[in-house]
Amino acid sequence: MHTGNNWGGSFEINHGEVTTSGEYDRSRTSEWDSAALYHHQNLDETQQSWLLGPQEKKKKKYVDFGCIVISHKALKWILGSILLAFCVIGLPIIIAKSLPNHKSPPITPDNYSVALHKALLFFNAQKSGKLPKNNGIPWRGDSGLNDGNDTDVKGGLVGGYYDAGDNIKFHFPMSYSMTMLSWSVIEYRDKYKNINEYNHARDLIKWGTDYLLLTFNSSATKINKIYCQVGGHRNGSQTPDDHICWQKPEDMDYLRPTLTCQSGPDLAGEMAAALAAASIVFKDDNVYSTKLIKGAQTLFAFARDSGKRMAYSRSYPADIAPYYNSTGYYDEYMWGAAWLFYATGNNSYLSLATNPGIPKNAKAFYMIPDFSVPSWNNKLPSAMLLLTRLRLFLNPGYPYEDMLQMYHNVTGLNMCSYLHNFHVFNWTNGGLIMLSRGGPQNLQYVANAAFLASLFVDYLNASGVPGWYCGNNYIPSDVLRSFATSQMDYILGKNPMKMSYVVGYGNKFPRHVHHRGASTPNDHKYYSCNGGWKWFNTNNANPNNIAGAMVGGPDQFDKFSDLRDHYNNTEPTMAGNAGLVAALVSLTTTAGNGIDKNTIFTAVPPLYPQTPPPPPPWKP
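Parameters and conventions
Residues numbered from 1 in each chain as written. Predicted model: local features only at pLDDT ≥ 70, side-chain atom pairs only at ≥ 80, totals over all residues. Heavy atoms only, no water. Axes fitted to C-alpha atoms, helices over the stretch in contact; angles between N-to-C directions. Helix = DSSP H or I, 4+ residues; strand = E, 2+ residues; numbered from the N terminus. Parallel < 35°, antiparallel > 145°, perpendicular 65-115°, else oblique. Contact = heavy atoms within 4.5 Å. Salt bridge = Lys/Arg side-chain N within 4 Å of Asp/Glu carboxyl O. Buried < 20%, exposed > 50% of the residue type's maximum accessible area, 1.4 Å probe, protein only. UniProt positions renumbered as here; feature names shortened; annotations may be inferred. Polar contact = N/O pair within 3.5 Å; in protein donor to acceptor, adjacent residues only side chain to side chain. Pairing = 2+ DSSP bridges. Expected span 1.5 Å × (residues − 1). Patch = residues over 30% accessible without salt bridge, like charges linked within 9 Å, V, L, I, M, F, W, Y side chains within 5 Å. Areas by Shrake-Rupley, 256 points an atom, 1.4 Å probe, with all protein chains shown as cover. Disulfide = S-S within 2.5 Å. Core = buried A, V, L, I, M, F, W, Y, C linked by side-chain atoms within 4.5 Å. pLDDT = per-residue confidence, 0-100. Phe/Tyr/Trp six-rings, centres within 6.5 Å; stacked < 30°, edge-to-face > 60°. Lys NZ or Arg CZ within 6 Å of the ring centre and 35° of its normal.

*Asks:* Describe in detail the packing of helix α5 (residues 171-187) against helix α21 (residues 574-587), supporting the description with residues and values.
*Replies:* Axes are the key here: two packed helices are described by the angle between their axes and the distance separating the axes. Running from amino to carboxyl end, α5 crosses α21 at an angle of 5°, the nearest separation of the two axes being 8 Å. Comparing their axes, α21 and α5 come out roughly parallel. Only M574, A575, A578, V581, A582 and V585 of α21 make contact with α5, whose side of the interface consists of M174, Y176, S177, M178, M180, L181 and S184.

In structure tokens:
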């Protein structure tokens, strides 16, 4: 049966008209089929299209989603893409999430970083004045709030730091400590930041420099005095004072006189160095940095005053000289001038620091072994290293080159003196260099020397220099670094006593530290001048551990007496801890390696070597 008519008419058959003659049906069907075939075979394609119409195309199938209609083919592409993305991206994520979570462990801090965190806390424990709430030492409170009331300073001399186990504020070693802390922050700023101690270190420096700015008229350009000490003890005196009484700072009720110095190039030179170095630390605070520079310049002018060139300690032979006696001031001239040059870029300071008369009067080139030992009293090795830095990285040339080369050579020889094989200093059997020549408090000198040695190595590395010469012997810089690490490792416990000499570091450390605040219970009870001595005399361990304090250390036989009355062994000092902090940050590798080459030169203008003068005319 035909249901369609290619001719355009209807071929529909009426079911009511059924024919019974089979022959008729066959003939009609046959004729129709023949004609159709005949016509199809003799028409070209165009004619066939006219007669038969267009050939039926395959219809596209669509899916209706209500808001959108999309073809089957597109839908397959979309679904296939989603499946592929799931296999490539989603499936790995699901698998990763389903597996046990094994995070990479954090980098374990090395011993030097751990000790550094504690060493900085010592300065929090030594703070005088009204303490901030975040000071972090629970057994310390406000103290010394009447300091300086006997001066013309508005508000007195409140603040600063107590020097050691007593409650005296010695401004000379306090200034040196601030210079050393600032130097370490300038050189190793990124390390401090990486171990989250940068802001802490800056706060400690500012606590000290804020106080130092009170000790002279910092708003003036010319001064005639400096308040050089608060509190103290006069030998032979029985009047209650900082040595007669064993009292924690919070209980002090005796008079604490302020000592005034009308001369003191050593003290003023060191104070100028502290403020100048701190001004670089705080260069991001223009107002404060400028204030520090102005104060440093005023102090240095006082130090250079030809009418005031007497060592500050000679003004008080009974009050200062027995404790922090200064033996000269030309090293402070070199030291202070170097820091003022870096802080200001003023070439007049560099000219002074490289003036041949300064090292001559300081005996810098005499190669006396004791002059290679850095300390609060001897700035020569530190100052010459600081100026060697200028030669290595900026190379200013004439007219400074000759003297800078000499400083560089002597710095190399100083480093040679620290090495065991040159036998300049004695060493203990346990491996500790005896820079104090058998005297007390050896560790503070060792820590300072370790810092200078480590810093010199970093200078060489930053310059691409692998070593230096000790006479005819070429010394790779790694040898000097090994010296620094060996000495710090000794201090931290690698010694015959198996004891750490930094309180709170390791399992075995001094428990009877010679320190008034640490040895007196924090029980909110008042202990009188004489009544406090029971805490000195007890055999019990200190109730308060003064975390981070580096004690005086062992003797030349590696022996250590953990007794309060052996203060040469068990008393910590600010100057010692400043060197400790500097050495530790220089050696830690947890927070990275190397120095900050450029920050110290921020204020230094471009230096171009000047043309040397012509030779004198020849005379027959």
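There's more to say after this.
*Asks:* Break down the pattern of salt bridges for me, with residues and values.
*Replies:* Using the criterion set out here, one finds 16 salt bridges in the structure. Residues D147 and K169 are paired through a salt bridge, measuring 3.0 Å at the closest nitrogen-oxygen approach. In this pair, D147 sits in the loop between α4 (111-125) and β3 (169-170) while K169 sits in strand β3, placing the two residues 22 residues apart along the sequence. By relative accessible area, K169 is classed as buried at 0%. Of the charged contacts, one joins R234 and D319 as a salt bridge, the two residues approaching to 3.0 Å between their closest N and O atoms. Of this pair, R234 sits in the loop between β4 (226-230) and β5 (258-261) while D319 sits in the loop between α9 (286-303) and α10 (321-324), placing them 85 residues apart in sequence. Three or more residues joined by partner-sharing salt bridges are found here, namely D147, K169, D242 and R256.

*Asks:* Explain the UniProt feature "active site" (unreviewed entry) in the protein residue by residue, including any values.
*Replies:* According to UniProt, the feature "active site" (unreviewed entry) maps to H514, D562 and E571 in the numbering used here. Taking the farthest pair of C-alpha atoms as the criterion, the annotated set spanning 58 residues converges on one region, since that pair is 10.1 Å apart. If sequence neighbours within four positions are ignored, D562 has contacts with F509, P510, R511, H512 and T570. Within polar-contact distance, the side chain of D562 engages the backbone nitrogen of R511 at 2.9 Å. Its place among the elements puts E571 in the loop between α20 (567-570) and α21. Those residues in contact with E571, other than ones at most four positions away along the chain, are A164, G165, D166, Q441, H514, M550, V551 and G552. Looking at E571, its side chain comes within polar contact range of the main-chain nitrogen of G165, at 2.9 Å.

*Asks:* I'd like a description of the sheet that holds β3, backed by residues and values.
*Replies:* Read across the open sheet, the three strands follow the order β3-β4-β5; overall the sheet is antiparallel. If you trace the sheet from one side to the other, it starts and ends with β3 and β5, each paired once. Pairing of β3 with β4, which is carried by two bridges, proceeds in the antiparallel orientation. Bridged to F170 within β4 is Q229.

*Asks:* Go over helix α7 (residues 198-212) with me, naming the residues and quoting the values.
*Replies:* With 15 residues, α7 ought to run about 21 Å at 1.5 Å a step, and its terminal C-alpha atoms sit 21 Å apart, in line with that. Across the 15 residues that make up α7, a large majority, eleven, are buried. Listing the buried residues of α7 in full gives Y198, H200, A201, R202, L204, I205, W207, G208, T209, Y211 and L212.

*Asks:* Give me the lowdown on a nonpolar patch on the surface, citing residues and values where you can.
*Replies:* Judged by side-chain polarity, I78, L79 and I82 come together as a nonpolar surface patch covering roughly 290 Å² of accessible area. When you line up the elements, I78 lands in helix α3 (residues 72-98).

*Asks:* Before we move on, could you go through helix α14 (residues 380-393) and cite the residues and values that matter?
*Replies:* Compared with the 20 Å implied by 1.5 Å per residue over 14 residues, the 20 Å span of α14 between its first and last C-alpha is a close match. Across the 14 residues that make up α14, a large majority, 13, are buried. Directly after α14, the chain includes N395, whose backbone phi takes a positive value near 45°.

*Asks:* Could you give an account of the state of the cysteines, with specific residues and numbers?
*Replies:* If you walk through the whole model with that rule in mind, you get three disulfides. Paired through a disulfide, C245 and C529 show a sulfur-sulfur distance of 2.0 Å. For the disulfide bridge between C245 and C529, the dihedral angle about the S-S bond is near -90°, and by the sign convention the bridge is left-handed. Separated by 284 residues along the polypeptide, C245 in the loop between β4 and β5 and C529 in the loop between α18 (516-519) and α19 (533-537) bring together distant segments of the chain. A single burial state applies to C245 and to C529, both of which are buried. The disulfide partner of C416 is C470, and the gap between their sulfur atoms is 1.9 Å. Of note, the bridge from C416 to C470 carries an S-S torsion of about -95° and is left-handed in sense. Taken as a pair, C416 in helix α15 (residues 401-417) and C470 in strand β6 (residues 467-470) lie far apart in primary sequence, 54 residues in all. Residue C416 is classed as buried on the basis of its relative accessible area, which comes to 6%. The class of C470 is buried, set by a relative accessible area of 5%.

*Asks:* Give a detailed account of the nonpolar core, specifying residues and quantitative values.
*Replies:* Counting 166 residues, the largest nonpolar core has W183, W339, Y342 and W468 as the members making the most contacts within it. The leading source of residues in this core is helix α16 (residues 442-463), at 14 residues. In this structure, Y342 is in contact with I280, L386, L387, R389, L390, I600, F601, A603 and V604, ignoring residues within four places of it in sequence.

*Asks:* An account of unusual backbone geometry is requested, with residue identities and associated values reported.
*Replies:* Cis peptide bonds are those with omega within 30 degrees of zero, and the linkage from Y398 to P399 qualifies with 10°. Tracing the backbone through its elements, the reader meets P399 in the loop between α14 and α15. The phi torsion at H423 lies on the positive side, around 55°, for a residue other than glycine. With respect to the secondary-structure elements, H423 resides in the loop between α15 and α16.

*Asks:* Tell me about the side chain of T354, and please be specific about residues and values.
*Replies:* Secondary-structure assignment places T354 in the loop between α12 (347-353) and α13 (357-362). Those residues in contact with T354 that lie beyond four places of it in its chain are Y400, M403, L404 and Y407.

*Asks:* Please give an account of the confidence of the model for the protein that cites residues and values.
*Replies:* Chain-level statistics for the protein give a pLDDT mean of 89 and a share of 85% at 70 or above. Between residues 1-57, whose pLDDT stays under 50, and residues either more than four places distant or in other chains, the model counts 19 contacts.

*Asks:* So what's going on with the packing of aromatic side chains? Which residues, and what values?
*Replies:* A full pass over the atoms with the stated rule returns 31 aromatic pairs. Taking 4.9 Å as the distance between ring centres and 25° as the angle between the ring planes, the aromatic pair formed by Y329 and Y330 counts as stacked. On the accessibility criterion, Y329 (15% relative accessible area) is buried. Three or more aromatic residues joined by ring pairs form one cluster here, namely W183, W335, W339, F341, Y342, F451 and F601. Here the basic side chain of K193 rests over the ring of Y198, its NZ or CZ set 5.0 Å away from the ring centre.

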